[in-house]
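A closer look at the structure
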Amino acid sequence: MNKLPPLIFEKSRDGKIGHGLGASQVPAEPALDADLRRTEIADFPQVSEVEIVRHYMALARLNYSLDAGIYPLGSCTMKYNPKINEKLAAAEEFQAHPYAPHDLVQGNLELMARLEQWLVALTGLAGFTLAPAAGAHGEFTGMLIIRKFLQEQGDARRVVLIPDSAHGTNPSSAHFAGYEIREVPSNADGIIDVNVLQSFLDGQVAALMMTNPNTLGIFEKNITAIASALHANGSLLYMDGANLNALLGIVRPGDLGVDVMHINLHKTFSTPHGGGGPGSGPVGVASHLLPFLPVPRVVKSGDKYRVIYDNPQSIGRIKNFYGQFLVLIRALAYLSSLGRENIRRVAEDAVLNANYLRKRLQPLLDLPYAADTLHEVVFSDKNLPVKTLDIAKRLLDYGVHPFTIYFPLIVHGAMMIEPTETESKETLDEFIAIMEKILQEAREHPEQLLQAPQQTPVRRLDETLAARKPVLRWRKGENL
Ligand SMILES: *Cc1c(COP(=O)(O)O)cnc(C)c1O
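So, here is what we can say about the structure in this document. (Residues numbered from 1 in each chain as written. Predicted model: local features only at pLDDT ≥ 70, side-chain atom pairs only at ≥ 80, totals over all residues. Heavy atoms only, no water.)

1. Some details on the side chain of S235
Using the following cut-off: A run of H or I in DSSP counts as a helix once it spans at least four residues, and a run of E counts as a strand once it spans at least two, with each numbered from the N terminus. Between N or O atoms, a polar contact is any pair within 3.5 Å; within protein, one atom must be a potential hydrogen donor and the other a potential acceptor, and residues adjacent in sequence are included only when both atoms are from side chains. What makes two residues a contact is simply this: any of their non-hydrogen atoms within 4.5 Å.
Examined against the element boundaries, S235 turns out to sit in the loop between α8 (223–232) and β5 (236–240). A polar contact is formed between the side chain of S235 and the backbone oxygen of V205, at a distance of 2.8 Å. The residues contacting S235, other than those within four sequence positions of it, are R157, L201, V205, A206, A207 and L230.

This is how it looks when you write it as structure tokens:
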């Protein structure tokens with residue numbers, strides 16, 4: 001791992017200036033009064049061109065990215081993002097003003113319609129909105145759709161059920177949509193039991209929000225019975241589709257009784273993500289909920305694409321204009337380059353890779369749920385002389401991005417590993433070898449792990465403080 005480069009200010013020498021602006025063509029008289037002018041930039045570093053280039057290159061090398069190595073962050077589906085996606089997202093042909101007349105942007109509207117068709121084909125649902133800006137925004141949108149649907153039936157139910165393995169955004173989205181949350185415990189196999197669910201069902205339950213496969217990587221095999229129980233109770237089934245990578249081309253959630261689901265385009269359909277976006281969280285619905293989808297909706301009439309803004313039952317707008325259009329381009333590029341025949345291999349290889357890691361790491365780590373897993377596997381730090389955090393920090397010393405830690409909450413010291421389909425067996429073997437080395441260190445020199453990371457520019461940070469009060473710039477005289 002590269003060390004933090006010396007501060008550019010330390011290389012500064014008077015007169016060692018790397019640029020020349022030539023003679024000024026405006027009068028030398030300052031336009032502003034002295035008391036309005038800033039003086040602190042007098043300390044601007046003076047360095048040569050080569051030094052400034054090396055400074056920024058050194059900073060850039062500190063970044064870890066998918067283009068640098070494996071990124072096994074569970075639940076995040078950090079697959080390789082093909083460069084063709086970026087090329088197309090930057091293509092001039094797609095650049096348009098959001099107020100451009102629809103006649104002039106027929107290609108962009110067709111792109112949205114085609115992506116929607118893909119999502120309909122992959123999920124078995126009736127229609128999608130592409131507007132939500134992220135998975136969490138999709139969850140919120142889906143909850144608003146459910147609420148409006150139930151209200152129109154004269155039924156103001158107040159409760160949303162959420163399994164204890166759920167991602168934190170689920171209860172948050174349901175709460176913001178006006179619902180009260182009740183937590184449903186998973187059973188010993190890590191899934192929802194129909195009888196347990198049944199005991200939660202009453203006239204107040206609007207919906208169950210369920211992730212499938214769930215955050216343990218386990219397929220909720222009771223899903224059709226769960227859907228039937230919910231529907232018999234007048235409740236709806238919301239599926240968090242963040243883990244769709246495990247099902248692509250194999251199972252269509254719509255066939256399992258799902259009423260509403262979101263898809264994280266940035267995860268499953270390859271847009272660089274993390275660090276806050278941009279993302280896209282399209283929401284799909286079964287046919288009875290189609291009228292409630294947000295506007296605008298792109299529809300084809302004759303051989304033209306139109307945009308509808310006035311669906312009377314729609315929940316309305318949830319995002320300005322058409323959503324994160326550049327992510328939609330990337331998703332369609334990804335789907336089109338794979339094609340219908342190959343899409344299934346994404347899921348097959350993702351599951352194969354995760355199970356290879358599971359088999360190889362199982363002798364070394366505690367596996368709290370023995371059930372078969374799909375695209376990711378969750379170990380615990382039970383019986384280890386160190387904690388999950390120590391292992392994650394030590395991975396940094398070996399130049400590898402750690403897996404997701406301490407989630408899902410139902411696993412003690414969870415290590416949630418999702419390799420995705422784009423890693424080769426050789427890369428997985430390297431990752432396994434590093435894990436073996438770290439676990440050997442944990443047994444023989446646990447203190448070494450408690451000191452990790454040692455090779456990184458910064459050591460163990462106060463992560464709460466770093467997140468709440470990030471120091472994002474250096475100023476002369478201030479300590480780092
Ligand atoms: C990532 C994720 C979300 C939230 O999606 P964002 O796009 O980050 O808002 C929700 N649920 C699960 C299971 C996830 O992995």
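Moving on from the model shown.
2. Digging into the packing of helix α4 (residues 106–123) against helix α10 (residues 325–361)
Quick reminder of the rule: Note on method: axes are straight lines fitted to C-alpha atoms, helices fitted across the in-contact stretch only, with angles between N-to-C directions ranging 0 to 180 degrees. Oblique is the label for every angle not falling under 35 degrees (roughly parallel), over 145 degrees (roughly antiparallel), or within 65 to 115 degrees (roughly perpendicular). Take the far helix as your reference; a near helix turned counterclockwise from it by less than a right angle gives a left-handed crossing, and one turned clockwise gives a right-handed crossing. Note that Gly is not counted as nonpolar here; it falls among the polar residues with everything else outside the nonpolar set of Ala, Val, Leu, Ile, Met, Phe, Trp, Tyr, Cys and Pro and the charged set of Asp, Glu, Lys and Arg.
One can describe the packing of α4 onto α10 by two numbers: an axis separation of 10 Å at closest approach and a directional angle of 50°. Here α4 lies oblique to α10, going by the angle between them. Where α4 crosses over α10, the two elements pack in a sense that is left-handed. Residues N108, L111, M112, R114, L115, W118, A121 and L122 of α4 form the contact with α10, whose participating residues are F325, L328, I329, A331, L332, L335, S336, G339, R340 and I343. Grouping the constituent residues of the contact of α4 with α10 by class yields 13 nonpolar, three polar and two charged.

3. Let's talk about the site of the ligand
Quick reminder of the rule: A cutoff of 4 Å decides nearness: a residue is near a molecule or strand if any of its heavy atoms lies inside that distance of it. To measure how exposed things are, a 1.4 Å probe is used in the Shrake-Rupley method; for residues, cover is taken only from the protein chains shown.
Close to the ligand lie 13 residues, the nearest being S75, G135, D240, H266 and K267. N264 is positioned such that a nitrogen or oxygen atom in its side chain is 2.9 Å from an oxygen atom of the ligand. If the ligand stood free it would expose 380 Å²; the protein chains cover 87% of that surface. Listing elements by their share of the shell around the ligand, those giving two or more residues are α5 (135–152) and α9 (265–268). If you tally residues by element for the shell around the ligand, the top one is α5, at three residues. Counted by class, the shell around the ligand contains three nonpolar, seven polar and three charged residues.

4. Focus on the pairing of strand β2 (residues 159–163)
The condition is simple: Each residue's exposure class comes from its accessible area (1.4 Å probe, protein chains only) as a fraction of the maximum for that residue type: buried when under 20%, exposed when over 50%, partly exposed otherwise. Note on pairing: two strands pair once DSSP finds at least 2 bridges between them. With strands facing away from the observer, any crossover in which the path from the first strand over the helix to the second runs clockwise is taken as right-handed.
Taken across its five residues, β2 has five buried, putting it largely inside the fold. Residue alternation in β2 divides its side chains into two sets, V159, L161 and P163 and V160 and I162, and both sets are buried. Relative to strand β3 (residues 180–184), β2 runs parallel, the two sharing five bridges. Note that in β3 the partner of I162 across the bridge is E183. As a crossover connection, the stretch from β2 through helix α6 (residues 169–176) into β3 is right-handed. Bridging between β2 and strand β4 (residues 205–211) involves three bridges; their strand directions are parallel. What sits directly across from V160, in β4, is A207.

5. Notes on the sheet that holds β2
Strands sit in the order β1-β7-β6-β5-β4-β2-β3 across an open sheet of seven strands; the sheet is mixed. Every other strand in the sheet has two partners, leaving β1 (127–129) and β3 as the edge strands with one partner each. Averaged over all adjacent pairs, the angle separating strand axes in this sheet is 25°, with direction ignored. Relative to strand β7 (residues 283–285), strand β6 (residues 260–262) runs antiparallel, the two being bridged by three bridges. Looking at β7, one finds that V260 is bridged to V285. Most of the contacts of α4 go to β1, to which it runs at about 130°, and overall it touches β1 and β6.

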